[in-house]
Amino acid sequence: GAVVSQHPSWVICKSGTSVKIECRSLDFQATTMFWYRQFPKQSLMLMATSNEGSKATYEQGVEKDKFLINHASLTLSTLTVTSAHPEDSSFYICSAKATGYPKNIQYFGAGTRLSVL
Amino acid sequence: EDQVTQSPEALRLQEGESSSLNCSYTVSGLRGLFWYRQDPGKGPEFLFTLYSAGEEKEKERLKATLTKKESFLHITAPKPEDSATYLCAVSYNDYKLSFGAGTTVTVRA
């Protein structure tokens, strides 16, 4: 149980284009999903918290107009990197928090490697 | 400022050589301490969650313990497949996770 699917696992795009990443909880409902960014050999940095049916909450320093988050259902959240540039190249990982017990546990997707040329 | 510090940064072990990883934290209103395993190019895999000092959890060769200021992840008789980066995270206030930098464990056969 508690499987989170993230797609795509790897994407290459040209500078200036937009990329959408999907995060799905496959066997549980997730009222809250999180998006992280991870640079090589560094830990996960929280970008934003996504709640179903409401606007995402972004961490300080994260551009909400560049990283658009939509949490349209209890099992799906999407991250769109708009007008991507080489400095946006990174490993993006989503997680989902299951409602109810066990509380507060976040289950992670496999991550998306974004390379912007 | 809330902070999570993991040590050592890297750990090289011989197969069967037991060791411990440390995670120290300074956070008010702790709502849980979490251990994850991350393989290269993958997302973190949930291992344990601990909620109160004195609590212990075990899974195969791994055992996690928690005090008021730190947590230990003990690896008993590790195997090469235990090689990974182990991440510690704390949950506070609004259920966000704050991650440490991780300990990369390499187990040689």
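### Quick look at the overall build of chain A
Counting its secondary structure elements, chain A contains zero helices and 11 strands. Scanning chain A from its N terminus toward the C terminus, one meets helices and strands in the order β-β-β-β-β-β-β-β-β-β-β. Computed over the C-alpha atoms, the radius of gyration of chain A is 13 Å, within 12% of the 13 Å expected from 2.2 N^0.38 for a compact globule of 117 residues. Taking all 117 residues of chain A together, the buried fraction comes to 50%. In chain A, the share of contacts with a sequence separation of at least 24, taken over all contacts with a separation of at least 6, comes to 55%.

### Looking at the nonpolar core
Grouped together as the largest cluster of nonpolar side chains are 40 residues, with contacts concentrated most on A:Tyr36, A:Leu114, B:Tyr36 and B:Phe99. At five residues, the largest contribution of residues to this core is made by strand S9 (residues 90–97) of chain A. Filtering out sequence-adjacent residues up to four positions away, B:Phe99 remains in contact with A:Tyr36, A:Ser43, A:Leu44, A:Phe108, B:Val4, B:Tyr36, B:Leu87, B:Cys88 and B:Ala89. Counting residues in hydrophobic clusters, the runner-up holds 24 residues, among them B:Val27, B:Phe48, B:Ile75 and B:Cys88.

### Some remarks on the interface of chain A and chain B
Taken together, the contacts link 20 residues of chain A with 19 residues of chain B. Summed over both partners, the interface of chain A with chain B buries about 1500 Å², with 59% contributed by carbon and sulfur atoms. Of all residues in chain A, the largest losses of buried area upon contact with chain B belong to A:Ser43, A:Asn104 and A:Phe108, amounting jointly to 32% of the total for that side. Seen at the junction of chain A and chain B, the total is one salt bridge. Its salt-bridge partner being A:Glu59, residue B:Lys96 comes within 2.6 Å of it at the nearest N-O pair. For the pair chain A and chain B, the number of links is five residue pairs in polar contact (both at pLDDT 80 or more). For the side of chain A that touches chain B, the secondary structure elements donating two or more residues are strand S4 (32–38), strand S5 (44–51), S9 and strand S10 (106–108) of chain A. Residue classes in the side of chain A that touches chain B are distributed as 11 nonpolar, six polar and three charged.

### Focus on the state of the cysteines
Applying the stated criterion to the full structure yields two disulfides over all chains. Between the sulfur of A:Cys23 and that of A:Cys94 lies a disulfide, 2.0 Å long from S to S. With the S-S dihedral at roughly 80 degrees, the linkage between A:Cys23 and A:Cys94 falls on the right-handed side. One end of the pair, A:Cys23, is in strand S3 (residues 19–25); the other, A:Cys94, is in strand S9, and 71 residues separate them in sequence. Here A:Cys23 matches A:Cys94 in class, with each residue buried. Note that B:Cys23 is cross-linked by a disulfide to B:Cys88, the S-S spacing being 1.9 Å. A torsion of -60 degrees about the S-S bond marks the disulfide between B:Cys23 and B:Cys88 as left-handed.

### With respect to the confidence of the model for chain B
Across chain B, the average pLDDT comes to 93, with 96% of residues at or above 70. Of all helices and strands in chain B, the one with the weakest mean pLDDT is strand S10 (residues 96–99) of chain B (90), whereas strand S11 (residues 103–108) of chain B scores best (98).

### Looking at the pairing of strand S7 (residues 67–73) of chain A
All names here are of chain A. Where S7 and strand S8 (residues 76–81) come together, five bridges link them in antiparallel fashion. Bridging across to S8, asparagine 70 finds its partner in threonine 78. Taking the residues that link successive antiparallel strands as the turn, the S7-S8 hairpin has two residues.

### Focus on the pairing of strand S11 (residues 112–116) of chain A
Residue and element names in this part refer to chain A. Where burial is concerned, the two faces of S11 differ: the one with Thr112, Leu114 and Val116 is buried and the one with Arg113 and Ser115 is not. Relative to S11, strand S2 (residues 10–13) is paired through four bridges, and the arrangement is parallel. Residue pairing across strands places tryptophan 10 opposite arginine 113, the latter belonging to S11. Where S9 and S11 come together, three bridges link them in antiparallel fashion.

Rules used in this analysis
- Residues numbered from 1 in each chain as written.
- Chains lettered and ligands numbered in written order.
- Predicted model: local features only at pLDDT ≥ 70, side-chain atom pairs only at ≥ 80, totals over all residues.
- Heavy atoms only, no water.
- Helix = DSSP H or I, 4+ residues; strand = E, 2+ residues; numbered from the N terminus.
- Rg over C-alpha atoms; globule rule 2.2 N^0.38 Å.
- Buried < 20%, exposed > 50% of the residue type's maximum accessible area, 1.4 Å probe, protein only.
- Contact = heavy atoms within 4.5 Å.
- Core = buried A, V, L, I, M, F, W, Y, C linked by side-chain atoms within 4.5 Å.
- Buried area = accessible area lost by both parts, 1.4 Å probe.
- Salt bridge = Lys/Arg side-chain N within 4 Å of Asp/Glu carboxyl O.
- Polar contact = N/O pair within 3.5 Å; in protein donor to acceptor, adjacent residues only side chain to side chain.
- Nonpolar A, V, L, I, M, F, W, Y, C, P; charged D, E, K, R; others polar.
- Disulfide = S-S within 2.5 Å.
- pLDDT = per-residue confidence, 0-100.
- Pairing = 2+ DSSP bridges.

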